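A structural walkthrough
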Amino acid sequence: MTDKINLSADVRFGQAMHHTTKQYVMMENEDIFDVFCHKWLKYRDWNLTYNESEDWNFFNALGASLLHSFLKSYEEQNLIPVLGENTLYISDGFLKKSLRPDFVATRDNKIIIIDFKVGSQWTQEMADTNEQMTEYAIAVKETMLEEPPIIVAICNMVKKTQIVCWLYSLRTEEQIEQYREKLHNLHLTEVMGGNICFK
């Protein structure tokens, strides 16, 4: 039971929301509220670490509120899911790295990579410069043969305002190649320094 001691309620709540929304968009379960309640219920008796004035009931209500906002906002996106947290790969000539974006969808014959972020509010600048999303764009380019610019999106479920925002961004060919070169140089340095062992 040691894994249930001193755990962050925010982290566990984020995991529950991730699980719930990903199941919904991939049409694995139509009752999004039932999925969340089932997932969050198991934490009721855990010794989670809560912020002041927060408890299990606070997050239970927060989840319901955010899911209402998510459902409305998701319908407005007109997305058609293609992949749900499937493994994609990128390679820089030294290493092959596996990645698992939350889900990949299409709209107007363009692929869109979506990642769920729960808790803090994101800005457009954060979405535009996030390296994880750039890596996802590289993986989609290599695995699914999508040509840049590649669309990425952050579905941001904000704890403080209980609002769900969608932040769209592009990854151009130039951005992709610049980041690929950065990865290549990083791994080259590690190989020269003996920090990478090939098996």
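Whatever comes next refers back to the structure up there.
What comes next is a walk through the structure. Computed from a predicted model, the values in this text were never measured in an experiment.

**Points about the nonpolar core**
F13, W40, F70, L79, F103, I114 and W166 are the most contacted members of the largest nonpolar core, which totals 32 residues. Among the elements of the structure, helix 1 (9-25), helix 2 (32-41), helix 3 (56-77), strand 6 (103-107), strand 7 (110-119), strand 8 (150-158) and strand 9 (164-171) are those that each provide at least two residues to this core. In this structure, W166 is in contact with F70, S73, Y74, Q77, L79, I114, I154 and C155, ignoring residues within four places of it in sequence.

**Things to note about helix 5 (residues 131-143)**
For helix 5, with 13 residues, the first-to-last C-alpha span of 18 Å sits near the 18 Å given by 1.5 Å per residue. Here helix 5 has its buried residues at M133, T134, E135, Y136, A137, I138, A139, V140 and K141. Residue L145 follows helix 5 closely and has a positive phi angle near 60°.

**Comments concerning the packing of helix 1 against helix 3**
In contact at an axis separation of 11 Å, helix 1 and helix 3 are set at 35° when each is read in the N-to-C sense. Crossing angle aside, the handedness with which helix 1 passes helix 3 is right-handed. Contact residues: A9, D10, F13, M17, T20, T21, Y24 and V25 in helix 1; F59, L62, G63, L66, L67, F70, L71 and Y74 in helix 3. Among the residues forming the contact of helix 1 with helix 3, the class breakdown is 12 nonpolar, three polar and one charged.

**What about the pattern of salt bridges?**
This structure, assessed with the given rule, holds nine salt bridges. The salt bridge involving K22 is made with D102; its shortest N-O contact spans 3.6 Å. Placement of the pair is K22 in helix 1 and D102 in the loop between strand 5 (96-99) and strand 6, with a sequence separation of 80 residues. For the residue pair K22 and D102, the accessibility class agrees, reading buried in each case. D115 is the partner of K117 in a salt bridge, and the nearest nitrogen-oxygen pair spans 2.9 Å. Shared partners join several salt bridges into a network, and the residues in it are D10, E54 and K159.

**Notes on the sheet that holds strand 6**
In spatial order, the strands read 3-6-7-8-9; together these five strands make up an open sheet with mixed pairing. Here the strands that pair on one side only, and so sit at the sheet edges, are strand 3 (80-84) and strand 9. Mean inter-strand twist for the sheet, computed between neighbouring axes without regard to direction, equals 30°. Pairing geometry for strand 7 and strand 8, over eight bridges, is parallel. Directly across from I112, in strand 8, lies its bridge partner I151. Where helix 1 meets the sheet, its contacts fall on strand 3, strand 6, strand 7 and strand 8, and the angle it forms with strand 7 comes to roughly 150°. Strand contacts of helix 5: strand 7, strand 8 and strand 9, with the helix running at about 150° to strand 7, the strand carrying the most contacts.

**Side note on helix 1**
The first and last C-alpha atoms of helix 1 sit 24 Å apart over 17 residues, in line with the 24 Å expected at 1.5 Å per residue. For helix 1, the tally of buried residues reaches 12 of 17 residues, placing the bulk of the element in the interior. Where helix 1 begins, the capping side chain belongs to S8, and its oxygen is found 3.2 Å from the backbone nitrogen of D10. Directly after helix 1, the chain includes M27, whose backbone phi takes a positive value near 60°.

**Here's the deal with the packing of helix 1 against helix 2**
Contact pair helix 1 / helix 2: the axes reach a minimum separation of 9 Å and the direction vectors enclose 145°. When you trace helix 1 past helix 2, the crossing you get is right-handed. Between helix 1 and helix 2, the contacting residues are A9, R12, F13, A16, M17, H19, T20, Q23 and Y24 on the first element and I32, V35, F36, K39 and W40 on the second. When the residues that make up the contact of helix 1 with helix 2 are grouped by side-chain class, the tally is nine nonpolar, three polar and two charged.

About the criteria used
- Residues numbered from 1 in each chain as written.
- Predicted model: local features only at pLDDT ≥ 70, side-chain atom pairs only at ≥ 80, totals over all residues.
- Heavy atoms only, no water.
- Core = buried A, V, L, I, M, F, W, Y, C linked by side-chain atoms within 4.5 Å.
- Buried < 20%, exposed > 50% of the residue type's maximum accessible area, 1.4 Å probe, protein only.
- Helix = DSSP H or I, 4+ residues; strand = E, 2+ residues; numbered from the N terminus.
- Contact = heavy atoms within 4.5 Å.
- Expected span 1.5 Å × (residues − 1).
- Axes fitted to C-alpha atoms, helices over the stretch in contact; angles between N-to-C directions.
- Left-handed = near helix turned anticlockwise from the far one by under 90°.
- Nonpolar A, V, L, I, M, F, W, Y, C, P; charged D, E, K, R; others polar.
- Salt bridge = Lys/Arg side-chain N within 4 Å of Asp/Glu carboxyl O.
- Pairing = 2+ DSSP bridges.
- Polar contact = N/O pair within 3.5 Å; in protein donor to acceptor, adjacent residues only side chain to side chain.

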